[in-house]
Number of protein chains: 2
Amino acid sequence: MAGRLPALWKRFSSTITPRPIPPKAHHHAPIPDHAFPRGYVLTGLHAGVKKTGALDLALILSTTPDPASAAACFTRNAFKAAPVVVSEEVLQRNGGTARAVVVNSGCANAVTGKQGMEDAWAMVRATDALSGADKAGANQTLVMSTGVIGQYLPIAKIIAGIQSQAAQNNSLGSTFDAWERAAKALMTTDTFPKLRARTFTINGKEYRMAGMDKGAGMIHPDMGPPRTIGQLHATLLGCILTDAAVSRRSLQSALTYAVDRSFNSISVDGDMSTNDTILVLANGAAVTGSGILEEIDEERDPAAYEIFRDEFTAFATDLAQLVVRDGEGATKFITVSVEGAATYADAHLIASRISTSALVKTALYGQDANWGRILAATGSVPLSTPLDPKRVSVSFIPTDGSPVLPLLVNGEPEMVDEARAKEILSVEDLEVRVQLGIGKESAKYWTCDFSYDYVRINGDYRS
Amino acid sequence: MAGRLPALWKRFSSTITPRPIPPKAHHHAPIPDHAFPRGYVLTGLHAGVKKTGALDLALILSTTPDPASAAACFTRNAFKAAPVVVSEEVLQRNGGTARAVVVNSGCANAVTGKQGMEDAWAMVRATDALSGADKAGANQTLVMSTGVIGQYLPIAKIIAGIQSQAAQNNSLGSTFDAWERAAKALMTTDTFPKLRARTFTINGKEYRMAGMDKGAGMIHPDMGPPRTIGQLHATLLGCILTDAAVSRRSLQSALTYAVDRSFNSISVDGDMSTNDTILVLANGAAVTGSGILEEIDEERDPAAYEIFRDEFTAFATDLAQLVVRDGEGATKFITVSVEGAATYADAHLIASRISTSALVKTALYGQDANWGRILAATGSVPLSTPLDPKRVSVSFIPTDGSPVLPLLVNGEPEMVDEARAKEILSVEDLEVRVQLGIGKESAKYWTCDFSYDYVRINGDYRS
């Protein structure tokens, strides 16, 4: 009753190996005093995808009478998994609305051909029946999967899991426990559930947003709006929910803007997945009276839209950083800041190259202030404006507010206090700042170090 | 008397850590029965750059009356080291001729400002005096350095080493021992000297070429002809010498062609250096009588040129592969073949992405036939022609001539014989072949796996 491909396919992914929760991760776990957005019910179930008995099916339903505005960014990978193709299709058919999200972990439903597409559609239809969307005649469910590649879903178990929530004693709810169970059902090699919430105010009115995501390896996303011709990444899934009313167009604009500066600016191992997806629903449940009049829209009220977009981007950045903190084998959380570039693209490209350099990442693991490797990575990418080595500076910025440690100033090596370098590098968090001295654009990237544990987790040596 | 920057800078590079010679590497060491090209004398000395007493200075002189044709490809890194800038300048001044090459290991003379430039020029002038080029009034020496970044050369020791060879009892010679000592003087973290020679025939006439190179980490070269605007890599140095007569223009053409298909198609860690340089000299010593009439030139005799170019490319590929075999922490030698692409650039880009994927490289270390990771890497790069997942096939090609093991055929996973997969993956050499099914272009890349030892060598954990 598991997938219909032979059991040996299970080993073709690292995403099902359980990892212990490192002590440092505990303080990143969700805390129960959040104010979650109104008008959503959620649950996390064990449907039977994971052999361990862990939660593997999340359901998220908007309870407002009208469907919510919906937007998404999908992997640009050429080998898009079935749930990615199906969610794109649902959004296209509905012009950007949805009532529900269904997610399974343990199996990515990727490289599964026609059967995989049928299974993803079956998840959509079963969840439509749960939300009542099937009566309106349109598919109103977005679907995501994460886990093993090249294996079919145990679809009967998943459908039974979804249908079990139609009964009166279902576990759908809006308590902290319900939110946390949904977040847990997304996990694969993650060591802790990733769930955050925040309150924000626009024009004197208070709204809420909450989000969950998952990912620890095959993390180097590059996601764009639906129907962009694109490429492939490793699996990052995220879902953000708000009770603000946002027009469909502006929701997609805000999401695309935010994803470029958050999820598309993190790297664990430089590898992209076939399933990367970030979804957002805005159901307007916070709005009383005429929702349309209060709808946030970039043309109707640009100032309000910008507040929303920036709140949303800051929130997406928090969620994205949780993935790096939980990176496979990670012992460090590194912010790479590139400043003084001619263009944002130049700054982003250099920050990405430093963040994926094996030599930089092993040096950081070894607590070695190796600016030569940072410089080599900086110089190795083609830019719109060539670098001038004499203007480049590199420094370490401690996160405790203590003084900056310059390593290279205008192309000249600095005398470095070894004890001070060691002190800064022994802390979990560190910012590496590269000043190019050319222009005014800057970009940030978040990455982790490269440890023995990364090799152990992914080498999975079989004797 | 070491570098003039504080001693602590020594630790800002991994390239001086000695590594033991792994048993598997012994059969890659040079063998003494080569026929080396005529008209060259060489030596390798300990000048005093390396504290260990190991050889650290190589001298290569052409003994023909006229200077040799010379060509080079240099790193495209924005932070070019002083010897790169100086060698570019020498070639430009001379219009592509040289009489000598001088190389030091142990110190890269990179990020060393004005002093670094003066030191590199001093090495050129001292070697010019040795070759007699100084009497002709022009600089005729090319210079290369490899080792620690951000440290000054112990230039007095190096100059004394060069000048010691002007005495009658110098060690310059053309024996196998002389060639091998020169190759040894290039080594940094290399575990064996890299030296090869071959004989080839054009229009019934026999010629010889020999070459040496070095490199084990910071290896992902991208080199171009002099004066291309460019970027930065990690250190690969190579020098190829032939006794054929080749016009300056055609020597550069053949080198650029060969480097794209050899040195620019290898990766150890995906990191590029500031010092990467490949030099070639063609002194025509094999030619008797009128050298000009027998000069190989692409316009005068395209067929002869193509034979030379292809011999040269095959030879450069042999030298490039030695670097991958000696890659830091490597236990596998992987050939990545991408076939059926619309363009060579598309095929090369995919092959490069697979060859640098941390997930693919750790899976190969773990002897895990993880085609999902190969597929994810394949789909993650932007191409001139989008991929069609239904046409993509992935297979393992054993190097012992036994049958191919298909993993994915036209987008459909194959039933894989686990025992057979394990058998193939337990051998040091393996070819991973990806067939795109779009066009007729193909490219190859050579890479190694990612092991605990890679992290140990580069993490250099300081307690």
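Residues numbered from 1 in each chain as written. Chains lettered and ligands numbered in written order. Predicted model: local features only at pLDDT ≥ 70, side-chain atom pairs only at ≥ 80, totals over all residues. Heavy atoms only, no water.

### Here we look at the side chain of T242 of chain B
Residue and element names in this part refer to chain B. Basically, it comes down to this: Only DSSP runs of H or I with at least four residues qualify as helices, and only runs of E with at least two residues qualify as strands; both kinds are numbered from the N terminus onward. Only protein chains enter the area calculation, which uses a 1.4 Å probe; residues under 20% of their type maximum are buried, those over 50% are exposed, and those in between are partly exposed. Nitrogen and oxygen atoms within 3.5 Å of one another constitute a polar contact, given that in protein one can donate a hydrogen and the other can accept it, and given that sequence-neighbouring residues count only through two side-chain atoms. The contact rule is simple, with two residues in contact once any of their heavy atoms fall within 4.5 Å.
Assignment of secondary structure puts T242 in strand β11 (residues 237-242). The exposure class of T242 is buried, given its relative accessible area of 1%. Side-chain polar atoms of T242 contact the backbone nitrogen of A244, separated by 3.1 Å. Apart from the residues lying within four places of it in its own chain, the contact partners of T242 are P37, Y40, F200, R208, M209, L281, A282, N283, G284 and F308.

### As for helix α9 (residues 371-378) of chain B
In terms of burial, α9 of chain B is largely enclosed, as eight of its eight residues are buried. Regarding α9 of chain B, the residues found buried are W371, G372, R373, I374, L375, A376, A377 and T378 of chain B.

### A word on the domain arrangement of chain A
Note on interface size: it is often stated as the accessible area lost on association of the parts. Residues and elements named next belong to chain A. Where we set the bar: The split into domains, and so the bounds of each, comes from an automatic or database assignment of domains. The buried area of a pairing is the accessible area, by a 1.4 Å probe, that goes missing from both parts when the two are put together, added over both. What makes a salt bridge here is a side-chain nitrogen of Lys or Arg within 4 Å of a carboxyl oxygen of Asp or Glu, nothing more.
Segmenting chain A into domains produces domain 1 (28-326) and domain 2 (333-460). A straight line from the C-alpha centre of domain 1 to that of domain 2 covers 33 Å. Taken together, the 16 residues of domain 1 in the interface contact 15 residues of domain 2. Summed over both partners, the interface of domain 1 with domain 2 buries about 1,300 Å², with 54% contributed by carbon and sulfur atoms. We note a salt bridge from E428 to R325, for which the minimum N-O separation is 3.2 Å. If you look at where domain 1 meets domain 2, you find 10 residue pairs in polar contact (both at pLDDT 80 or more). For the side of domain 1 that touches domain 2, the secondary-structure elements that each account for two or more residues are α5 (248-261), β11 (266-267) and α7 (302-325).

### Observations concerning the pairing of strand β10 (residues 237-242) of chain A
It is a general feature of regular strands that their side chains alternate between the two faces of the sheet. Residue and element names in this part refer to chain A. The condition is simple: Two strands are said to pair when DSSP picks up at least two bridges between them.
In terms of burial, β10 is largely enclosed, as six of its six residues are buried. Every second residue of β10 is oriented toward a common face, with L237, C239 and L241 on one face and G238, I240 and T242 on the other, all of them buried. As defined by bridge partners, strand β8 (residues 205-214) adjoins β10 across six bridges and the pair is classed as antiparallel. Opposite M209, over in β10, you have T242 as the bridge partner. For β10 and strand β12 (residues 277-282), the ladder comprises six bridges, and the chain directions are parallel. Each residue of the ladder has a partner; that of G238, found in β12, is I278.

### Comments concerning the sheet that holds strand β14 (residues 393-397) of chain A
Strands belonging to one sheet form pairs held by backbone hydrogen bonds; the direction of such a pair is parallel or antiparallel. Residues and elements named next belong to chain A. Ordered in space as β11-β18-β13-β17-β14-β15-β16, the seven strands form an open sheet in which the pairing is mixed. Each edge of the open sheet carries a strand with a single partner, namely β11 and β16 (412-413). In this sheet, strand β17 (residues 429-435) lies alongside strand β13 (residues 333-341) in parallel orientation, the contact comprising seven bridges. Looking at β17, one finds that I334 is bridged to L430.

### Concerning the pattern of salt bridges
Residue and element names in this part refer to chain A. The final tally for this structure, using the stated rule, is 44 salt bridges over all chains. With its nearest N and O atoms 3.2 Å apart, the salt bridge here joins R198 to E311. Placement of the pair is R198 in strand β7 (residues 194-202) and E311 in helix α7, with a sequence separation of 113 residues. Exposure remark for R198: the relative accessible area of 22% places this residue in the partly exposed category. The exposure class of E311 is partly exposed, given its relative accessible area of 22%. For E423, the salt bridge goes to R420, with nearest N and O atoms at 2.6 Å. Of the two residues, E423 and R420 are both situated in helix α11 (residues 418-425); the distance of three residues between them amounts to about one turn of the helix. Since its relative accessible area comes to 47%, E423 is described here as partly exposed. The exposure class assigned to R420 is buried, which follows from its relative accessible area of 17%. A single salt-bridge network, built from bridges that share partners, covers E339, E431, R433 and K444.

### Some remarks on the packing of helix α12 (residues 452-459) of chain A against helix α11 (residues 452-459) of chain B
For any two helices packed against each other, the geometry comes down to the angle between their axes and how far apart the axes lie. The line we're drawing: Geometry is summarised by axes, namely lines fitted to C-alpha atoms with helices restricted to the contacting stretch, and by angles between N-to-C directions that run from 0 to 180 degrees. Angles are sorted into four bins: roughly parallel if under 35 degrees, roughly antiparallel if over 145, roughly perpendicular if 65 to 115, and oblique for all others.
Two elements in contact, α12 of chain A and α11 of chain B, have axes whose closest approach is 9 Å; the angle formed by their N-to-C orientations is 170 degrees. Compared by their axis directions, α12 of chain A and α11 of chain B come out roughly antiparallel. Touching Y452, V455 and R456 of chain A of α12 of chain A are Y452, V455 and R456 of chain B, all from α11 of chain B.

### Examining the packing of helix α2 (residues 113-131) of chain B against helix α3 (residues 155-164) of chain B
Residue and element names in this part refer to chain B. Counted only if it meets this: For any pair of crossing helices, the crossing counts as left-handed if the nearer helix is rotated counterclockwise from the farther one by less than a right angle, and right-handed if it is rotated clockwise. Put simply, Ala, Val, Leu, Ile, Met, Phe, Trp, Tyr, Cys and Pro go in the nonpolar bin, Asp, Glu, Lys and Arg in the charged bin, and everything else, Gly too, in the polar bin.
Two elements in contact, α2 and α3, have axes whose closest approach is 9 Å; the angle formed by their N-to-C orientations is 15 degrees. Between α2 and α3, the interaxial angle falls into the category roughly parallel. Between α2 and α3 lies a crossing of right-handed hand. Judged by residue contacts, D119, A122, M123, A126, T127 and L130 of α2 engage I155, I158, I159 and I162 from α3. When grouped by side-chain class, the residues that make up the contact of α2 with α3 number eight nonpolar, one polar and one charged.

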